[in-house]
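Here's the letter readout for the chains.
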Amino acid sequence: MSRARDAVECAALRALFWVCARIGEDSLTRFGNFLGDLVYDVVRVRRDVTHANLRRAFPDWDDLRIRRTSRECYRTFAKTVVEFARLPAMGEAELVARVAIEGREWLEQIRNGGTGAILLTGHFGNWEYLGALFPAMGMPIDVVVAEQRNRKVDAVMNRIRRSRGVGVLSAVSDLRGIYRSLKAGRLVAIVADQDAGRDGIFVDFLGTPASTAIGPAVLARRFGVPILQGYATRVGPGRHRMELIRPIRVETSGDEASAVRAATESWVRALEAQVRARPDHWFWMHRRWKTRPREDGAPQGEDGG
């Protein structure tokens, strides 16, 4: 049954991508909005989770604002998906022309330093454009991906990433690949804003302690590379602004736990600022506060939001 379901899901994804690759830009935006509304109004995937998360983060918002922001969140995600489907057919010049870059000096600083860097972002705006943009600018990049339940869908997604010159590394089994990438002066991109379960540390995020991944800070400290953050904000149909933020240098001397916590708190604050500025851009459908802290601060159990 699982194999059949995986095959159906993959076929549906391929059909969606086939349609997206063949419609015009204006139609693509409308199609993305239509898909977002369909999932929000009819399918209702994780709609209750989205509402609960927004109420937790913005307790002063009324129900109307919660629903409006939720709908825009679904639309943003749907447009990200349909834009991702168009990547293989897009030339490098076209992709670069679609994205205005702020903070390019931080990328040049890393390039001139001769070392690689951790590129850290969240499920915010079109994070796939963020990754695809760097090879188009002549900066090699590998993305660290978690394996999805449906390996067929994984293969389709990774094929599109590789079509843009983006390398793919496994979050579970590719530590050596990450090391080789950084040593070669490449960027290693990590999307690190989801619940980290019992492996994370608790950092306040939007007013509530959230189990947060320490992997980016640990890798940066271990390999002596900076953490560069990047966020892609939608500014119009098919148009985006990529903001690069001053790199975080993880302290390599002294207590490791303190250095890792300081760096982790720093990038979480930057992500939080982005989400507060454009709440419709973030992936509220995820149960970000699922893991709850015990009285001693260690992770335990699950929360409902």
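The following paragraphs examine the structure supplied in this document. (Residues numbered from 1 in each chain as written. Predicted model: local features only at pLDDT ≥ 70, side-chain atom pairs only at ≥ 80, totals over all residues. Heavy atoms only, no water.)

## With respect to the packing of aromatic side chains
- Under the counting rule described, the total for this entry stands at 12 aromatic pairs.
- The interplanar angle of 70° and the centroid separation of 5.3 Å between the aromatic rings of Phe205 and Trp282 together place this pair among those described as edge-to-face. With Phe205 in strand 6 (residues 201-205) and Trp282 in the loop between helix 11 (256-277) and strand 10 (292-293), this residue pair connects regions lying 77 residues apart in the sequence. Here Phe205 matches Trp282 in class, with each residue buried.
- Aromatic side chains Trp282 and Trp284 sit 4.8 Å apart centroid to centroid with 90° between the ring planes, which places their arrangement in the edge-to-face category.
- Looking at Trp282, the relative accessible area reads 2%, which means it is buried.
- Residue Trp284 is classed as buried on the basis of its relative accessible area, which comes to 0%.
- An aromatic cluster is built from Phe58, Trp61, Phe205, Trp282, Trp284 and Trp289, whose rings are joined through pairwise contacts.
- A cation sits over an aromatic face here: Arg47 above Tyr40, 4.9 Å from the ring centre. (Phe/Tyr/Trp six-rings, centres within 6.5 Å; stacked < 30°, edge-to-face > 60°. Helix = DSSP H or I, 4+ residues; strand = E, 2+ residues; numbered from the N terminus. Buried < 20%, exposed > 50% of the residue type's maximum accessible area, 1.4 Å probe, protein only. Lys NZ or Arg CZ within 6 Å of the ring centre and 35° of its normal.)

## Section: the sheet that holds strand 5 (residues 187-191)
- Ordered by their spatial adjacency, 7 strands build an open sheet running 1-9-8-2-5-3-4, and the pairing between neighbours is mixed. Two strands lie at the open edges of the sheet, namely strand 1 (99-102) and strand 4 (167-170), each paired on one side alone. Within the sheet, the average angular offset between the axes of one strand and its neighbour, ignoring direction, is 30°.
- The pairing of strand 3 (residues 141-145) with strand 5 spans 4 bridges and is classified as parallel. Bridge assignment links Ile141 to a residue of strand 5, and that residue is Leu187.
- Across the sheet, helix 9 (residues 175-183) touches strand 2 (117-121), strand 3, strand 4 and strand 5, and the angle it forms with strand 5 is around 130°. (Pairing = 2+ DSSP bridges. Axes fitted to C-alpha atoms, helices over the stretch in contact; angles between N-to-C directions. Contact = heavy atoms within 4.5 Å.)

## Considerations on the nonpolar core
- If you look at the biggest cluster of nonpolar residues, it comprises 44 residues, and the most contacted ones within it are Ile118, Ile190, Phe205, Val275 and Trp284.
- Sort the elements by how many residues they give to this core and helix 11 lands first, with 7 residues.
- Every residue in contact with Ile190, bar those within four places of it in the chain, is listed here: Ile118, Leu119, Leu120, Thr121, Val144, Pro216 and Leu219.
- Of all hydrophobic cores here, the second largest spans 41 residues; its members include Leu133, Met137, Val153 and Met242. (Core = buried A, V, L, I, M, F, W, Y, C linked by side-chain atoms within 4.5 Å.)

## Concerning unusual backbone geometry
- For Arg44, which is not glycine, the phi torsion reads 60° and is therefore positive.
- Relative to the elements of secondary structure, Arg44 occurs in the loop between helix 2 (25-43) and helix 3 (47-57).
- You will see that Leu206, though not glycine, has its phi angle at about 55°, which is positive.
- Along the chain, the position of Leu206 falls in the loop between strand 6 and strand 7 (208-212).
- Using a relative accessible area of 2% as the deciding quantity, one classes Leu206 as buried.

## Some remarks on the pattern of salt bridges
- Using the criterion set out here, one finds 16 salt bridges in the structure.
- Put simply, Arg234 and Glu83 hold a salt bridge, and the shortest N to O gap is 2.5 Å. Of this pair, Arg234 sits in strand 8 (residues 227-236) while Glu83 sits in helix 4 (residues 63-86), and the two are 151 residues apart along the sequence.
- With relative accessibility at 10%, the residue Arg234 sits in the buried group. (Salt bridge = Lys/Arg side-chain N within 4 Å of Asp/Glu carboxyl O.)

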